[in-house]
Amino acid sequence: MHDLQGKELEARRKEVFKQMKENSIAIFFSGVSKVSSEDEYLPFCVNKNFFYLTNIEQEHSALMMIKAIGEKSTYLFVDPYDELKEKWTGKRISFESAGLISDVKNVYSTENFETMVKLALTDDNNHYGQIDCVYLDLSSPEQKLKDNFFMNDFAMKLKVDHPNKEIVDIYPSLRDLRMIKSPLEVQNITKAIEATNSGISYVLRHLKSGMAEHVFADYFEMYGRLHDRTKLAFSTIVAAGKNATCLHYPTQNDVTKDSDLVLFDLGYRHKQYCADISRTFPISGKFVGLQAKVYEAVLTTNKAVIKYAKPGLLLKDLQDFAIETLKNECLRLGLMTEDDDIRNYYYHGVSHHLGLDTHDVAVKDRPLQSGNVITVEPGLYFAKFGIGVRIEDNVLITEDGAMNLSKNIVKEMDEIERLMASRNV
């Protein structure tokens, strides 16, 4: 593979090699499906650090990187062809395809993995000399590698079998790499956002009172399935009226009323990269009374935080700025008094990093840098009024400030009202 993705993967692995000591190896696993109950398995979710280095999404796969004798070698291991398994669970990726997808030339069967690890770690072997250090991604010690065998078991086995080898957690290096998004990563996030915008538009065309909240979540998921089988970035939240004051409202069984605002927190994936968008819409098609005031306060804060965000600031700085802006807006609009505490109505963070995970890997107290992608999601929640509003955008930090990647998703009140006037209800 010599396209942009191949060059990107090569560059990522090159950065990992830079972090490795001489005479060392690094091993990464894709993981396997977890048991749901009895012989039922949860859908497979690839380890994102493994995916970041390989672009491979198949379970039972492994990556081994060796830095020794003045050379750097990379090996990928995937399951061999198995006619019976493919009859049950579908076609496996071929060695040739795995090599093209990952841009790794040396692709072998997982049946050879343990032998090659043992060979590499044998002292004074003829291939790599003496390996002194083994790097593992220990961020998820409970990552399942095979039946009843987990990452912490693998690390312990290495310590027992090779007591003279140093075991080092390479996760911090991967985290730091993943925090800075490349142009290709930003492109993938942007495509996830664009798909999410289309899904929201589809839901809005069907938004009306008298329907259970989960129906709109189903519409969003169905739209993704109908269009390139786009997968959800996370379980969709749909909360109407007072339910929107619960941040991760779980049940979604209430029937919507014409007087409700409905809060949506949703997103699709594109090539594993996530969108994370929140929008709040009036079922009636019009923001009325307190609804309009609360929405105005949140929208003003959303736009102010995006304008404020820039390299050098901490997420805590964005949070403090959001709290102060929300407080001033609530006082201006008569939503609270000087004696009141804004934290009664705003009780979550305004931002988190976004990427291969919805809440992406990050050092939260590290100053923002150009290339970070974060959310901006202020909200206000007045249970006594039955009103919850959150407006969340996905933002790229640049050298000059911040770029709103989700600016095309409708959020101005007049635009929302015009759009909803054209619904098929």
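Structure: above.
Residues numbered from 1 in each chain as written. Predicted model: local features only at pLDDT ≥ 70, side-chain atom pairs only at ≥ 80, totals over all residues. Heavy atoms only, no water.

Colleague: Looking at this structure, I do not really get empty space enclosed by the protein. What am I missing?
Modeller: Going through the model one piece at a time under the given rule, you end up with 1 cavity of 30 Å³ or more. When its volume is computed, the largest cavity comes out at roughly 50 Å³. Around the largest cavity sit Gln5, Arg12, Phe51, Asn55, Asn188, Lys271 and Tyr273, which together line it. (1 Å grid on protein atoms, 1.4 Å probe; cavity = no way out; pocket = protein on both sides within 12 Å on 5 of 7 lines; lining within 4 Å. Points joined across faces, edges and corners; volume = space filled by probe spheres on them.)

Colleague: What exactly am I supposed to notice about the pattern of salt bridges here?
Modeller: Pairs can form between side chains of opposite charge once their charged atoms are near each other. The final tally for this structure, using the stated rule, is 24 salt bridges. Its salt-bridge partner being Glu166, residue Lys21 comes within 2.9 Å of it at the nearest N-O pair. Of this pair, Lys21 sits in the loop between helix H1 (4–19) and strand E1 (24–29) while Glu166 is found in strand E10 (residues 166–169), placing the two residues 145 residues apart along the sequence. On the basis of relative accessible area, Lys21 is assigned to the partly exposed category, the value being 42%. In this structure Glu166 comes out as partly exposed when scored by relative accessible area, which is 37%. With a closest N to O distance of 2.9 Å, Asp360 and Lys181 form a salt bridge. Of this pair, Asp360 sits in the loop between helix H11 (315–332) and strand E16 (373–376) while Lys181 is found in the loop between helix H7 (171–179) and helix H8 (183–205), placing the two residues 179 residues apart along the sequence. Taking the relative accessible area as the measure of exposure, Asp360 reaches 8% and is therefore buried. (Salt bridge = Lys/Arg side-chain N within 4 Å of Asp/Glu carboxyl O. Helix = DSSP H or I, 4+ residues; strand = E, 2+ residues; numbered from the N terminus. Buried < 20%, exposed > 50% of the residue type's maximum accessible area, 1.4 Å probe, protein only.)

Colleague: It is not clear to me how helix H5 (residues 113–121) should be interpreted in this structure. Could you clarify?
Modeller: Because each turn of an α-helix spans 3.6 residues, side chains separated by three or four positions in sequence point in the same direction. Phe113, Met116, Val117, Ala120 and Leu121 are the residues of H5 that are buried. One face of H5 carries all of its buried residues, which in axial projection span an arc of 125°. Away from the buried face of H5 by more than 90 degrees, exposed residues Glu114, Thr115 and Lys118 are located. Lining the buried residues of H5 we find E1, strand E4 (62–68), strand E5 (71–78), strand E6 (106–109), strand E7 (133–136) and helix H6 (151–161). (Arc of directions from axis to C-beta. Contact = heavy atoms within 4.5 Å.)

Colleague: Before we go on, may I ask you to explain the sheet that holds strand E12 (residues 261–266) in this structure?
Modeller: Each strand in a sheet pairs with another by means of backbone hydrogen bonds, the pair being arranged parallel or else antiparallel. The sheet built from 3 strands is open, its strands ordered E11-E12-E15 with antiparallel pairing. In this open sheet, the two strands that pair with only one neighbour each are strand E11 (237–240) and strand E15 (277–282). In this sheet, neighbouring strand axes are inclined to one another by 15° on average, regardless of whether the strands run parallel or antiparallel. (Pairing = 2+ DSSP bridges. Axes fitted to C-alpha atoms, helices over the stretch in contact; angles between N-to-C directions.)

Colleague: Looking at this structure, I do not really get the packing of H8 against helix H9 (residues 213–226). What am I missing?
Modeller: What describes two packed helices is the angle between their axes and the distance between those same axes. Where H8 contacts H9, the axes come no closer than 9 Å and their chain directions differ by 135°. The orientation of H8 relative to H9 falls into the category oblique. Relative to H9, the crossing made by H8 is right-handed. Contact with H8, carried on its side by Thr196, Ser198, Gly199, Ile200, Tyr202 and Val203, involves Phe216, Tyr219, Phe220, Met222 and Tyr223 of H9 and no other residues of that element. For the contact of H8 with H9, a count of residues per class yields 8 nonpolar, 3 polar and no charged. (Parallel < 35°, antiparallel > 145°, perpendicular 65-115°, else oblique. Left-handed = near helix turned anticlockwise from the far one by under 90°. Nonpolar A, V, L, I, M, F, W, Y, C, P; charged D, E, K, R; others polar.)

Colleague: Just checking my understanding: could you explain the packing of aromatic side chains for this structure?
Modeller: Working definition: an aromatic ring pair is given by the centre-to-centre distance plus the angle between the planes. As enumerated under the stated definition, the model contains 15 aromatic pairs in all. Here the aromatic rings of Tyr345 and Phe382 are separated by 4.5 Å at their centres, their planes lie at 25°, and the arrangement is stacked. Of this pair, Tyr345 sits in the loop between H11 and E16 while Phe382 sits in strand E17 (residues 379–382), and the two are 37 residues apart along the sequence. Assigned by exposure class, Tyr345 and Phe382 land together as buried. Taken together, Phe29, Tyr75, Phe77, Tyr108, Phe113 and Phe154 form an aromatic cluster joined through their ring pairs. Taking NZ or CZ as reference, Arg12 lies 4.2 Å from the ring centre of Tyr52, over its face. Directly above the aromatic system of Phe149 lies the positively charged group of Lys146, at a separation of 5.2 Å from the ring centroid. (Phe/Tyr/Trp six-rings, centres within 6.5 Å; stacked < 30°, edge-to-face > 60°. Lys NZ or Arg CZ within 6 Å of the ring centre and 35° of its normal.)

Colleague: Help me understand unusual backbone geometry, please; the structure alone is not making it clear to me.
Modeller: Generally, phi is negative for residues other than glycine and the peptide bonds are trans, each holding for most cases. Phi at Lys271 takes a positive value of approximately 50°, unusual for a residue other than glycine. The topology assignment puts Lys271 in the loop between strand E13 (269–270) and strand E14 (273–274). Here Gln272, not a glycine, exhibits a phi torsion of approximately 80°, which is positive. Relative to the helices and strands, Gln272 is located in the loop between E13 and E14. Gln272 gets classed as buried once you look at its relative accessible area, which sits at 14%.

Colleague: Whenever I open this one, the sheet that holds E6 confuses me. Can you help?
Modeller: An order of E6-E5-E4-E1-E7-E10 is seen for the 6 strands of this open sheet, with the pairing classed as mixed. Unpaired on one side and paired on the other, E6 and E10 mark the two borders of the sheet. Between one strand and the next, the sheet's axes are offset by a mean angle of 25°, whatever the strand orientation. Summarising the sheet, E1 and E4 pair through 6 bridges and their orientation is antiparallel. Pairing of Ala26 across the sheet is with Met65, part of E4. Lying on the sheet, helix H4 (residues 95–102) is in contact with E5 and E6; it crosses E6 at an angle near 140°.

Colleague: Teacher, can you tell me more about the layout of surface pockets here?
Modeller: Over the atoms rolls a probe the size of a water molecule, and its path tells where empty space is left. Each pocket or cavity is described by its volume, and for the largest pocket that value is around 1,100 Å³. Forming the walls of the largest pocket are 28 residues, and the residues nearest its centre are Arg229, Thr230, Lys231, Leu232 and Arg269. Elements represented by at least two residues in the lining of the largest pocket include exactly H8, H9 and E13. In the lining of the largest pocket, the residues fall into 10 nonpolar, 7 polar and 11 charged.

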